[in-house]
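# Commentary on secondary and tertiary structure
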Amino acid sequence: MGDWQPGYRAMLELHPIDVAALAGYFILVTILGLWTARHVKNMGDFVMPRKFGKTLMIFYGFGAGTHSDQAVSVASKSYSVGVSGIWYQWLWLFPTPFYWLIAPMMRRFRAMTTADVFELRYNRSVAVLFAVVGLLQYTVNIGVMLKGSAHVIEAATSASINANLAIGIMTVLFVAYGMAGGLHAAVLTDFIQGVLTIVFSFLLLPFILQAVGGMEGLREQLPAEKLSLVAPAEIGAFYVAVIAINGLIGIVAQPHTMSTCAAGRNELDGQVGWMCGNLTKRVCTIAWMLIGVASFAYFTRLGMGDINPDNVFGEVARRFLPQILPGLLGLFLAGILASVMSSCDAFMVATAGLFAENLYKPLVPGRSERHYLWVARISSLVVVASGVVFAYRLEGVVAGLEIFWKIGPMLGIAFWMGLFWRRMNAAGAWASTLVAFLAWWFCTQA
């Protein structure tokens, strides 16, 4: 079983050092986020400051695009189907090289939100359509992230920490500093949260691998089909190709893509930040997959093959980390919460910009910048609250992630067609989006 084989006894409470690690993290990011509020004077400061260098943009690109539900979903799917579960996040692997070209393009639009681009290319009605779909998309995404963190927290602490309470505290904190500091707060806190996310991604890997006898032991214990990058019964080559194309079409229609590309001091800062941040995520995804497949071997040997796949990541943390060193579980939980907060704050700011700039301001023109700033802050709170409600109505993390995948490309079609086909017009943008939603609905009825 290896030197790191832990016992079966559930950890009923956290070590004081674990509690201190969690509390210290919460205090640090909240103070840092609120401190940035002094820079926010208008909507430009809140949504698109355009003043961050390469290092901050790398961690912003990584943090905004990486969250614990992704680790949960990859580990969960890899536990269920094997190595091919990696495609639940590597669907973005093939589109990643295009990020180098997309980033300067997004900056050259000189837009505050992606909806502004749709208004410039088509008309205001298409901008409103994008804003509405974007708000729906991030309501789903925030809900999925919160659902994923709930599974990890419950499993990692054997339910000794109430997941609903932990999510409530986490939500209050990122809403507080996000509402106050906007994108300034998101980018600066994402630096700390990005470091923690990378740490938690690799923290468990050496211990779970040693418990199953390393890579050689893993190959001996797993069925051959679980070691294949494609699983013809579920995640085959066609599936991988389709979700990769889906990812490339939809990436430009994710509202936070504008800020991850254009919030830097210049085009190169945006290119380096978005490209390197996402390449870092691709490496972390390998660790999540290996934890999932190693967990299958580990729990099967223990006679626990019926464990809930969504709980695998947290269950491994609970069994191994307290045996290694007090405080590691607290660091792990801080990393889980950091990955959620680093994405939720970016999404919250993006949706606030969509509502205030593209829905509210055209209806209520001529007000002060301070007025629109407060509208943005309040709207961000509503979107997060909707995401929390969605989280507790969601069947599972993987199911929620699949819903998110399907919403993104709906307006991505209109974006790319508008870019490459001069005759594409507003009626075509509406038609392509509505037909895409109708096709989605029709497929669910089959």
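These numbers were taken from a predicted model, which means no experiment stands behind them.

### Side note on the overall build of the protein chain
Per the secondary structure count, the protein chain includes 20 helices and zero strands. Summarising the internal contacts of the protein chain: among those between residues at least 6 apart in sequence, 87% fall at separations of at least 24. Carbon and sulfur atoms provide 67% of the accessible area of the protein chain, an area that totals close to 17200 Å².

### Description of the environment of Gly-182
Tracing the sequence through the fold places Gly-182 in helix H9 (residues 163–203). Under the relative-accessibility criterion, Gly-182 is labelled buried at 1%. In the structure, Gly-182 is positioned 166 residues away from Met-348 in sequence and 8.6 Å away in space, judged by C-alpha atoms. Contact partners of Gly-182, with chain neighbours within four places excluded, come to Phe-46, Tyr-177 and Val-349.

### Focus on the environment of Trp-100
Along the polypeptide, Trp-100 turns up in helix H6 (residues 99–108). The spatial distance from the C-alpha of Trp-100 to the C-alpha of Gly-270 is 8.7 Å, given a sequence separation of 170 residues. Apart from the residues lying within four places of it in its own chain, the contact partners of Trp-100 are Leu-268, Gln-271, Val-272 and Met-275.

### Things to note about the nonpolar core
Ranked by internal contacts, the top residues of the largest apolar core, which has 138 residues, are Tyr-25, Ile-102, Phe-174, Phe-313, Leu-321, Phe-332 and Met-341. The biggest single contributor to this core is helix H16 (residues 328–363), with 20 residues. Residues in contact with Tyr-25, not counting those within four places in the same chain, are Gln-193, Leu-196, Ala-334, Leu-337, Ala-338 and Met-341.

### With respect to the confidence of the model for the protein chain
A residue-level look at the protein chain finds 89% of positions with pLDDT of 70 or above and a mean pLDDT of 81. Within the model, the stretch residues 1–12 combines pLDDT values under 50 with 30 contacts to residues more than four positions away or in other chains.

### A word on the environment of Ala-127
Summarising the element assignment, Ala-127 is placed in helix H8 (residues 124–156). Considering only alpha carbons, one finds Ala-127 and Thr-113, 14 residues apart in sequence, at a separation of 9.7 Å. Setting aside anything within four residues of it in sequence, one finds Ala-127 in contact with Ala-115, Phe-118 and Glu-119.

### As for the packing of aromatic side chains
Summed over all chains, the structure comprises 17 aromatic pairs. Relative to Phe-320, the ring of Tyr-298 lies with its centre 5.3 Å away and its plane at 50°, an arrangement referred to as tilted. On the criterion of sequence distance, the pair formed by Tyr-298 in helix H14 (residues 267–301) and Phe-320 in helix H15 (residues 312–324) is long-range, its members being 22 residues apart. Since its relative accessible area comes to 1%, Tyr-298 is described here as buried.

### Brief notes about the side chain of Thr-66
Within the secondary structure layout, Thr-66 lies in the loop between helix H3 (54–65) and helix H4 (68–81). From its side chain, Thr-66 meets the backbone oxygen of Phe-62 in a polar contact 2.7 Å long.

### What to know about helix H17 (residues 369–391)
If you check H17, its first and last C-alpha atoms are 33 Å apart, about what 23 residues at 1.5 Å a residue would give, namely 33 Å. Of all the residues in H17, the buried ones are Tyr-372, Leu-373, Val-375, Ala-376, Arg-377, Ser-379, Ser-380, Val-383, Val-384, Gly-387 and Ala-391.

### Structural notes on empty space enclosed by the protein
This structure, assessed with the given rule, holds three cavities of 30 Å³ or more. In terms of lining residues, the second largest cavity is bounded by 14 residues, among which Val-47, Met-112, Pro-255, Ser-259 and Ala-350 are the most central. A per-element tally of the lining of the second largest cavity places H16 first, with four residues. Here the residues of the lining of the second largest cavity are counted per class, giving 11 nonpolar, three polar and no charged.

### Topic: unusual backbone geometry
Although it is not a glycine, Arg-50 adopts a positive phi angle of roughly 55°. As for its placement among the helices and strands, Arg-50 is situated in the loop between helix H2 (43–47) and H3. You can call Arg-50 partly exposed: its relative accessible area is 24%. Look at Arg-110: it is not a glycine, yet its phi comes out positive at around 55°.

### What to know about the packing of H6 against H14
With their axes 8 Å apart at the nearest point, H6 and H14 run at an angle of 140° to one another. As judged from the angle between their axes, H6 and H14 are oblique. Seen along the crossing, H6 lies across H14 with a hand that is right-handed. Residues Tyr-99, Trp-100, Ile-102, Ala-103, Pro-104, Arg-107 and Arg-108 of H6 form the contact with H14, whose own contacting residues are Glu-267, Leu-268, Gly-270, Gln-271, Val-272, Trp-274, Met-275, Asn-278 and Arg-282. Looking at side-chain class alone, the contact of H6 with H14 contains nine nonpolar, three polar and four charged residues.

### Structural notes on H6
By the criterion of burial, H6 is predominantly enclosed, with seven of the 10 residues buried. Those residues of H6 not exposed but buried are Tyr-99, Ile-102, Ala-103, Pro-104, Met-105, Met-106 and Arg-107. For H6, the secondary structure elements touched by its buried residues are helix H7 (114–121), helix H12 (237–251), helix H13 (257–262), H14 and helix H19 (409–420). Where H6 ends, the next residue or the one after it, Arg-110, has phi of about 55°, a positive value.

### Quick notes on the pattern of salt bridges
Per the stated rule, a full pass over the model turns up seven salt bridges. Note that Asp-269 and Lys-54 form a salt bridge whose closest N and O atoms lie 3.0 Å from each other. Of this pair, Asp-269 sits in helix H14 while Lys-54 sits in helix H3, and the two are 215 residues apart along the sequence. Classification of Asp-269 as buried rests on a relative accessible area of 0%. The exposure class of Lys-54 is partly exposed, given its relative accessible area of 31%. For Glu-119, the salt bridge goes to Arg-124, with nearest N and O atoms at 3.4 Å. Where salt bridges share partners, they join Lys-54, Arg-265 and Asp-269 into one cluster.

Here is what the cut-offs are and how they apply
- Residues numbered from 1 in each chain as written.
- Predicted model: local features only at pLDDT ≥ 70, side-chain atom pairs only at ≥ 80, totals over all residues.
- Heavy atoms only, no water.
- Helix = DSSP H or I, 4+ residues; strand = E, 2+ residues; numbered from the N terminus.
- Contact = heavy atoms within 4.5 Å.
- Areas by Shrake-Rupley, 256 points an atom, 1.4 Å probe, with all protein chains shown as cover.
- Buried < 20%, exposed > 50% of the residue type's maximum accessible area, 1.4 Å probe, protein only.
- Core = buried A, V, L, I, M, F, W, Y, C linked by side-chain atoms within 4.5 Å.
- pLDDT = per-residue confidence, 0-100.
- Phe/Tyr/Trp six-rings, centres within 6.5 Å; stacked < 30°, edge-to-face > 60°.
- Polar contact = N/O pair within 3.5 Å; in protein donor to acceptor, adjacent residues only side chain to side chain.
- Expected span 1.5 Å × (residues − 1).
- 1 Å grid on protein atoms, 1.4 Å probe; cavity = no way out; pocket = protein on both sides within 12 Å on 5 of 7 lines; lining within 4 Å.
- Points joined across faces, edges and corners; volume = space filled by probe spheres on them.
- Nonpolar A, V, L, I, M, F, W, Y, C, P; charged D, E, K, R; others polar.
- Axes fitted to C-alpha atoms, helices over the stretch in contact; angles between N-to-C directions.
- Parallel < 35°, antiparallel > 145°, perpendicular 65-115°, else oblique.
- Left-handed = near helix turned anticlockwise from the far one by under 90°.
- Salt bridge = Lys/Arg side-chain N within 4 Å of Asp/Glu carboxyl O.

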